Amino acid sequence: MTSISTGEARATAVHFGRLGWLAAWLVLASPALAWNAAGHRISAMIAWQQLDEHTRSAVATLLRQHPDFRRWQARGKGADEDLTAFVEASTWPDDIRQDRRFYSAGKEPATPVLAGFPDMERRQNWHYVDRPLDPAHPRTPSSGLIDRQLVTLARTLGNREARLGERVYALPWLIHLVADAHQPLHTASRYTPDGRSDRGGNAVTIYNPFNSRRPLMSLHRYWDDLPGPPWLRSDRLAAVVAALTASHPPPASGTVAEWIDESWRLAREHAYPPENDSPPRISSAFHATAQGIANRRISDAGHRLAGLLKTLLAQTRAP
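Residues numbered from 1 in each chain as written. Predicted model: local features only at pLDDT ≥ 70, side-chain atom pairs only at ≥ 80, totals over all residues. Heavy atoms only, no water.

A.B. asks: Honestly, the overall build of the protein chain in this entry has me stumped. Any pointers?
C.D. replies: Each helix and strand counted, the protein chain has 12 helices and four strands in total. Within the span of the protein chain, comprising 319 residues, buried residues form 53% of the whole. Taking all contacts inside the protein chain whose residues are at least 6 apart in sequence as the whole, residues at least 24 apart take part in 74%. Summed over its atoms, the accessible surface of the protein chain is roughly 14100 Å², and 52% of this surface lies on carbon and sulfur atoms. (Helix = DSSP H or I, 4+ residues; strand = E, 2+ residues; numbered from the N terminus. Buried < 20%, exposed > 50% of the residue type's maximum accessible area, 1.4 Å probe, protein only. Contact = heavy atoms within 4.5 Å. Areas by Shrake-Rupley, 256 points an atom, 1.4 Å probe, with all protein chains shown as cover.)

Quick look at the structure:
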């Protein structure tokens, strides 16, 4: 299992900070989803660079069958259609939260099933699991399913007997959820003695002096925004990927359960700032540690996604 020390995290933050133009990212805000769009694109591009030609071809063939393939091209505007599809697909499970073609079960009426989709539910509870930081506290059962869905989606993608539409649908979700599993606050929550959850830090307001526009934000959003601005693409995306891959060697592959356990331990040890103020204030030391952890987790997610896809799609080779 990969472990990350505070010293390593701070050293990484210092290295990353030397890219001067990256510092300006921290004044920008984005919706509290998981890692924001930048984080997902970074992990996806790291994964793409690690894929062999067979796996890239298999991935590209599946993504070209996705109903939103042309939407991804129009948005990403990349010269390489296959790379563009892979990177843009990484944010698709978050993008559909604002897409009127889809609906949130229990909150909205179901929308018509469109060609190429198995259903139109947004599946918002696939992105996380609320594991208590203090197991001694009573809690309501978590509705989050990321631990189960990653296994289910991987099984579907690697099954040559599965219907093509199911495998096409599973791939963007898998790209996305591997990254989500590496965000500490997508695996953990604080619970009060009476069993109330802070929903992965979403219910915790902090003061972030590194965001001059909106310093008051949820703790969850603070962690989501650490990778950079949501519009990150093209040459700047490539520059960030190069910096991270140079700084962080590939991690041990591990299992889904181990990835989530790593994130939970990081959440328990590093995700919450000291409550010396009200609201808690993000200090320079805390910020440096958090930035280093985020950089490492995003890099780990990219390498592990590549390894997972190689394994799953190798099983679909013709005899």
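A.B. asks: Just to check I follow, could you spell out the packing of helix α4 (residues 69-76) against helix α5 (residues 81-89) for this structure?
C.D. replies: For any two helices packed against each other, one specifies the crossing angle of their axes together with the interaxial distance. Following both chains from N to C, one finds α4 and α5 inclined at 95°, their axes separated by 9 Å at the closest point. Taken as axis vectors, α4 and α5 run roughly perpendicular relative to one another. Contacts between α4 and α5 pair F69, R70, W72, Q73, R75 and G76 from the former with E81, T84, A85, E88 and A89 from the latter. The class makeup of the residues in the contact of α4 with α5 is four nonpolar, three polar and four charged. (Axes fitted to C-alpha atoms, helices over the stretch in contact; angles between N-to-C directions. Parallel < 35°, antiparallel > 145°, perpendicular 65-115°, else oblique. Nonpolar A, V, L, I, M, F, W, Y, C, P; charged D, E, K, R; others polar.)

A.B. asks: Looking at this structure, I do not really get the side chain of N211. What am I missing?
C.D. replies: Looking at where N211 falls in the secondary structure, it is placed in the loop between β3 (205-207) and β4 (216-218). From its side chain, N211 meets the backbone nitrogen of R213 in a polar contact 3.1 Å long. (Polar contact = N/O pair within 3.5 Å; in protein donor to acceptor, adjacent residues only side chain to side chain.)

A.B. asks: Looking at this structure, I do not really get the nonpolar core. What am I missing?
C.D. replies: In a soluble, globular protein the nonpolar side chains are often hidden away together inside. Counting 79 residues, the largest nonpolar core has I42, F86, L174, Y222, W223 and L309 as the members making the most contacts within it. Take this core: its biggest share by element is 12 residues, from helix α12 (residues 284-314). Beyond its immediate stretch of four places on either side in the chain, L174 contacts L150, L153, A154, L157, L305, L308, L309 and L312. (Core = buried A, V, L, I, M, F, W, Y, C linked by side-chain atoms within 4.5 Å.)

A.B. asks: What am I meant to see in the pattern of salt bridges here?
C.D. replies: If the charged atoms of two oppositely charged side chains come close together, the side chains can form a pair. On inspection of all chains with the given rule, the structure shows 26 salt bridges. The salt bridge involving R233 is made with E88; its shortest N-O contact spans 2.8 Å. Note that R233 is positioned in the loop between α9 (219-225) and α10 (234-247) and E88 in helix α5, a separation of 145 residues in sequence. Overall, R233 belongs to the partly exposed group, its relative accessible area being 23%. Look at E88 and you get buried, because its relative accessible area is 2%. Close ionic contact of E262 with R297 constitutes a salt bridge, the shortest N to O distance being 2.6 Å. You can see E262 sitting in helix α11 (residues 256-271) and its partner R297 sitting in helix α12, a full 35 residues away along the chain. For R297, a relative accessible area of 0% translates into the label buried. (Salt bridge = Lys/Arg side-chain N within 4 Å of Asp/Glu carboxyl O.)

A.B. asks: What exactly am I supposed to notice about unusual backbone geometry here?
C.D. replies: Most peptide bonds take the trans configuration, and most residues that are not glycine carry a negative phi. A cis geometry characterises the amide bond from S278 onward to P279, with omega recorded as 0°. Mapped onto the secondary structure, P279 falls in the loop between α11 and α12. A positive phi angle, near 55°, is found at K77, a position not held by glycine. Relative to the assigned elements, K77 resides in the loop between α4 and α5.

A.B. asks: How should helix α8 (residues 164-180) be read in this particular structure?
C.D. replies: In an α-helix, one turn spans 3.6 residues; hence positions three or four apart end up facing the same way. Between its first and last C-alpha atoms α8 spans 25 Å; for 17 residues at 1.5 Å apiece the expected length is 24 Å, and the two agree. Along α8, 14 of the 17 residues are buried, which leaves the element largely enclosed by surrounding structure. (Expected span 1.5 Å × (residues − 1).)

A.B. asks: Sorry if this is basic, but what is going on with the environment of D130 here?
C.D. replies: Checked against the element boundaries, D130 lands in the loop between α6 (92-95) and β1 (131-132). A C-alpha to C-alpha distance of 9.3 Å links D130 and D198, two positions 68 residues apart in sequence. Here S189 takes part through its side chain, which lies 2.7 Å from a polar atom of the side chain of D130.

A.B. asks: How should the packing of aromatic side chains be read in this particular structure?
C.D. replies: One pair of aromatic rings is described through two measures. These are the centre distance and the angle between the planes. Scanning the model with the defined rule gives nine aromatic pairs in all. Ring centres of W92 and F117 lie 6.1 Å apart, and the angle between their planes is 5°; this geometry places the pair in the stacked category. In this pair, W92 sits in helix α6 while F117 sits in the loop between α6 and β1, placing the two residues 25 residues apart along the sequence. Each member of the pair, W92 as well as F117, carries the same accessibility label: buried. An aromatic cluster is defined as three or more aromatic residues linked by ring pairs; in this entry it consists of W92, F102, F117, W126, Y169 and W173. (Phe/Tyr/Trp six-rings, centres within 6.5 Å; stacked < 30°, edge-to-face > 60°.)

A.B. asks: Even after reading the chapter, I still don't get the packing of helix α2 (residues 37-50) against α5, so can you show me in this structure?
C.D. replies: At a closest axis distance of 8 Å, the pairing of α2 and α5 adopts a crossing angle of 140°. One element, α2, and the other, α5, form an angle in the oblique class. Handedness of the crossing formed by α2 with α5: right-handed. Each of R41, A44, M45, A47 and W48 in α2 lies in contact with α5, whose residues at this interface are D82, L83, F86, V87 and E88. (Left-handed = near helix turned anticlockwise from the far one by under 90°.)

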